[in-house]
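# What the coordinates show
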Amino acid sequence: MNPDHVIEVDAIRKAYGPTVAADDVSFTVRRGEIFGLIGPNGAGKTTTMECIEGLRAPDAGRIQVLGLDPVRDRWALQLRIGVQLQEAQLQKRIKVWEAVAFWRSLYPTAVAGGRLLRQLGLHDKRDAWFMTLSGGQKQRLFIALALVNDPEVVFLDELTTGLDPQARRAIWDLVRGIRDRGKTVFLTTHLMEEAERLCDRVAILDHGRIIDMDRPAALVERHCPQRTVVVATEFPDAADRFEAVPSATAVRSEGDRHTIDGRGDDLITDVIHTISEHRMPVSEFRTVLPTLEDVFLTLTGRSIRA
């Protein structure tokens, strides 16, 4: 195993009867990065993650995590990884400090529970029952439980689904903090903004297969090279001038607002040059750049999955 690779997945397959959840899936995760497995609901993300964690055995292929086989070396691996499950729950009347204390008792060595709760902003809730916590507080508690054994690799499955924007961004900051403390983070998400904001690299999974993998910015550049500039101007011949822009592929005009589509970074420069050359008065100027969500929709389709 390459010493820079924390996880190596080689051609794994996992099926449930006629349904193939993972089909010839291969990728590596580097030490110290946040790696995201992204895809539509039902794409096979959770199954793939559970095979890597040792919770399921693949039907074929090879997996190594920290140099260990997740199935054969399951108990040794559990001491070195932290896991947050998608459908996690606790007893309604267990207190926050009790949950952390119980999890700490499961490992031969563990971090200080009080310090962990302070780091995750839960110290004031240490005596609260689980059932009284908000959604964001519950997720922070599950992160605490995943970190209680000071793991080398942390697995987070659909961590912020259902959270409000404020709670989601607070969780993102916590995940970055985990990476900044030298841990490797492997997460699954179907939220493209989350993947784009958090992940150093992502693999896009659809129908159980990896269809592309790279840095989010590189995927955007590769699959969605189009750019859009929106300009509002009262200049009388603006539409004709913008249609003459060398890098423009389409111009749509509604009154004084003009939307110019093109490919490559030259479009913005060319539009600015046209505005300057013809001394156009401008009341609005903005650019619309593609995102990882555009890549996701381009590669996986726009139809709603059942």
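For the structure itself, look to the data block above.
All of the points below concern the structure found in this document. From a predicted model like this one, the values you see are computed outputs, not experimental measurements. (Residues numbered from 1 in each chain as written. Predicted model: local features only at pLDDT ≥ 70, side-chain atom pairs only at ≥ 80, totals over all residues. Heavy atoms only, no water.)

## Describing helix 10 (residues 266-277)
Counting along an α-helix, one turn takes 3.6 residues, and residues three or four places apart therefore face a common direction. This is how it is decided: Segments assigned H or I by DSSP are reported as helices when at least four residues long, segments assigned E as strands when at least two residues long, and all are numbered from the N terminus. Expected helix span is given by 1.5 Å per residue-to-residue step, counting one fewer step than there are residues. It only takes one pair of heavy atoms within 4.5 Å for two residues to be counted as in contact.
Its 12 residues give helix 10 an end-to-end C-alpha distance of 16 Å, which sits within 8% of 16 Å, the value for a rise of 1.5 Å per residue. On its buried face, helix 10 sits against strand 10 (226-233), helix 9 (238-243), strand 11 (248-254), strand 12 (257-263) and strand 13 (282-288). Just downstream of helix 10, Arg279 is the residue with a positive phi angle, here 50 degrees.

## Some words on helix 5 (residues 135-147)
The cut-off we apply is this: Relative accessibility thresholds used throughout: buried, under 20% of the residue-type maximum; exposed, over 50%; partly exposed, between the two (1.4 Å probe, protein chains only).
Along its 13 residues, helix 5 runs 19 Å from first to last C-alpha, staying within 8% of the 18 Å computed at 1.5 Å per residue. Judged by how many residues are buried, helix 5 sits mostly within the fold: 11 of 13 residues are covered. The inward-facing, buried residues of helix 5 abut strand 5 (81-84), helix 3 (96-105), helix 4 (113-119), strand 6 (153-157) and helix 6 (165-180).

## Let's talk about the sheet that holds strand 2 (residues 19-30)
How we decide: Criterion used throughout: strands pair if DSSP finds at least two bridges between them. Here, axes are lines fitted to C-alpha atoms. For helices the fit covers the stretch in contact, and angles between N-to-C directions go from 0 to 180 degrees.
Sheet architecture is open: 3 strands sit in the order 2-1-4, paired in antiparallel fashion. Bordering the open sheet on either side are strand 2 and strand 4 (60-65), each of which pairs with just one other strand. Mean inter-strand twist for the sheet, computed between neighbouring axes without regard to direction, equals 15 degrees. Alignment of strand 1 (residues 5-16) against strand 4, held across 5 bridges, turns out to be antiparallel. Considered in strand 4, the bridge of Arg13 is made with Ala60. Packing of helix 1 (residues 45-53) onto the sheet brings it into contact with strand 1, strand 2 and strand 4, and relative to strand 1 it is tilted by some 120 degrees.

## Focus: the pattern of salt bridges
This is how the line gets drawn: We define a salt bridge as a contact between a side-chain nitrogen of Lys or Arg and a carboxyl oxygen of Asp or Glu at a distance within 4 Å.
Counting across every chain of the model gives 22 salt bridges. Here Asp150 and Lys183 are joined by a salt bridge, their closest N and O atoms 2.6 Å apart. One end of the pair, Asp150, is in the loop between helix 5 and strand 6; the other, Lys183, is in the loop between helix 6 and strand 7 (184-189), with 33 residues separating them in the sequence. Among the salt bridges present, the one from Asp180 reaches Arg179, with a minimum N-O distance of 3.2 Å. Assessed through its relative accessible area of 21%, Arg179 is described here as partly exposed. Connected through salt bridges with shared partners, the residues Arg13, Asp23 and Arg209 form a single ionic network.

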